[in-house]
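Here is how the chains run, residue by residue.
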Amino acid sequence: VFTKVLGTVESNIGQITVTAPSGLELTIAAPPEGAYLSASSLTVEGTVQPATATVSVNGQPATVSAGEYSATLTNLTEGPQTVTVVATAGTESLTRTRTLVIDRIAPQLTNLQPPPNTWFATNEATVTGQIVEDNLSSFTINDVPITVTNGTFSTTIPLDSENANLLSLHLEDLASNTSDLSLT
């Protein structure tokens, strides 16, 4: 058994060369993995060692300074994205990826019942409808969370039988796009 951390070892079976790792290190600090973003451009940032390495982001050269890099990606399309960062130092390269979702479309409410300006003779109203949004994070009526199942909802809201009632609907998706609707 021959033990040597790095270098060349001679033995009766020949020469064995052990090569030191390059020391190339690459991190992605932003955006976070799995992020939902509503922007059409995105700044990718992180660190690289050695500081003399070159970095590309989705094939575009990044700016590298003192071991930190950044690059801005533009014209991102709606939907899932993969960000690929490649660091190169000499003949060595290292790749890191991040997946994220670009979502610039606010949640949409359809088939809402009752329609706006509906008057009720009771002390409650059943509100139903459908929500078009794959990445819904919250839906409230008058600040009360409403359960959405397979894109549909149905809930009963208490009403003040002596005054006009305002129902405030608020929808938000994982990319922070919002839709608001008020019903009286």
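The structure we're discussing is the one just above.
Residues numbered from 1 in each chain as written. Predicted model: local features only at pLDDT ≥ 70, side-chain atom pairs only at ≥ 80, totals over all residues. Heavy atoms only, no water.

Undergrad: Before we move on, could you go through the overall build of the chain and cite the residues and values that matter?
TA: Counting secondary structure elements, the chain contains 0 helices and 18 strands. Evaluated residue by residue, the chain yields a buried proportion of 30% over its 184 residues. Considering only contacts within the chain whose residues lie at least 6 apart along the sequence, 55% involve residues at least 24 apart. Carbon and sulfur atoms form 50% of the exposed surface of the chain, whose accessible area is close to 11100 Å². (Helix = DSSP H or I, 4+ residues; strand = E, 2+ residues; numbered from the N terminus. Buried < 20%, exposed > 50% of the residue type's maximum accessible area, 1.4 Å probe, protein only. Contact = heavy atoms within 4.5 Å. Areas by Shrake-Rupley, 256 points an atom, 1.4 Å probe, with all protein chains shown as cover.)

Undergrad: Describe in detail the packing of aromatic side chains, supporting the description with residues and values.
TA: For the coordinates displayed, the defined rule picks out 1 aromatic pair. Summarising the aromatic geometry, the rings of phenylalanine 139 and phenylalanine 153 are spaced 4.7 Å apart at their centres and angled 65 degrees between planes, so their arrangement reads as edge-to-face. Residue phenylalanine 139 is located in strand 14 (residues 136-141), and its partner phenylalanine 153 is located in strand 16 (residues 152-158); the two are separated by 14 residues in the primary sequence. By relative accessible area, which is 3% here, phenylalanine 139 ends up buried. (Phe/Tyr/Trp six-rings, centres within 6.5 Å; stacked < 30°, edge-to-face > 60°.)

Undergrad: Describe the nonpolar core, naming the residues involved and giving the relevant values.
TA: Judged by nonpolar contacts, the single largest core of 20 residues is most densely connected at Val44, Val48, Val55, Val57, Tyr69, Val83 and Val85. Listing elements by their share of this core, those giving two or more residues are strand 3 (25-30), strand 5 (42-49), strand 6 (54-57), strand 9 (68-73), strand 10 (79-89) and strand 11 (92-102). In this view, valine 44 contacts Ile28, Ala30, Pro31, Val57, Tyr69, Ser70, Ala71, Leu73, Val83 and Val85; residues no more than four positions away in its chain are not counted. Within the second largest apolar cluster, 12 residues are counted, among which are Ile131, Ile146, Phe153 and Ile157. (Core = buried A, V, L, I, M, F, W, Y, C linked by side-chain atoms within 4.5 Å.)

Undergrad: Please give an account of the side chain of glutamine 81 that cites residues and values.
TA: Summarising the element assignment, glutamine 81 is placed in strand 10. At a separation of 2.7 Å, a polar atom in the side chain of glutamine 81 contacts the main-chain carbonyl oxygen of threonine 77. Contact partners of glutamine 81, with chain neighbours within four places excluded, come to Leu76, Arg98, Thr99, Leu100 and Ile102. (Polar contact = N/O pair within 3.5 Å; in protein donor to acceptor, adjacent residues only side chain to side chain.)

Undergrad: Any chance you could break down the pairing of strand 13 (residues 124-132) for me, citing the residues and the numbers?
TA: Side chains Ala125, Val127, Gly129 and Ile131 project from strand 13 onto a buried face, and the interleaved Glu124, Thr126, Thr128, Gln130 and Val132 project onto a face without burial. Of the pairings in the sheet, the one linking strand 12 (residues 108-113) to strand 13 comprises 4 bridges and is antiparallel in character. When the bridges of strand 13 are listed, glutamine 113 appears paired with threonine 128. As defined by bridge partners, strand 13 adjoins strand 16 across 7 bridges and the pair is classed as antiparallel. (Pairing = 2+ DSSP bridges.)

Undergrad: Which residues make up the sheet that holds strand 5, and what values go with them?
TA: An order of 3-5-9-8 is seen for the 4 strands of this open sheet, with the pairing classed as antiparallel. Each having just a single partner strand, strand 3 and strand 8 (63-65) make up the two edges of the open sheet. The average undirected angle you get between the axes of adjacent strands in this sheet is 25 degrees. (Axes fitted to C-alpha atoms, helices over the stretch in contact; angles between N-to-C directions.)

Undergrad: Got a sec to walk through the pairing of strand 14? Specific residues and values, please.
TA: Examined bridge by bridge, strand 14 and strand 17 (residues 167-173) share 5 bridges and lie antiparallel to one another. Across the sheet, the residue bridging to leucine 136 is aspartate 173, located in strand 17. As defined by bridge partners, strand 14 adjoins strand 15 (residues 144-145) across 2 bridges and the pair is classed as antiparallel. Paired with threonine 140 across the two strands is proline 145, which belongs to strand 15. If you look at the hairpin formed by strand 14 and strand 15, you'll find 2 residues sitting between the two strands, and asparagine 142 has a positive phi there, around 50 degrees.

Any functional reading would require information that these geometric values do not contain.
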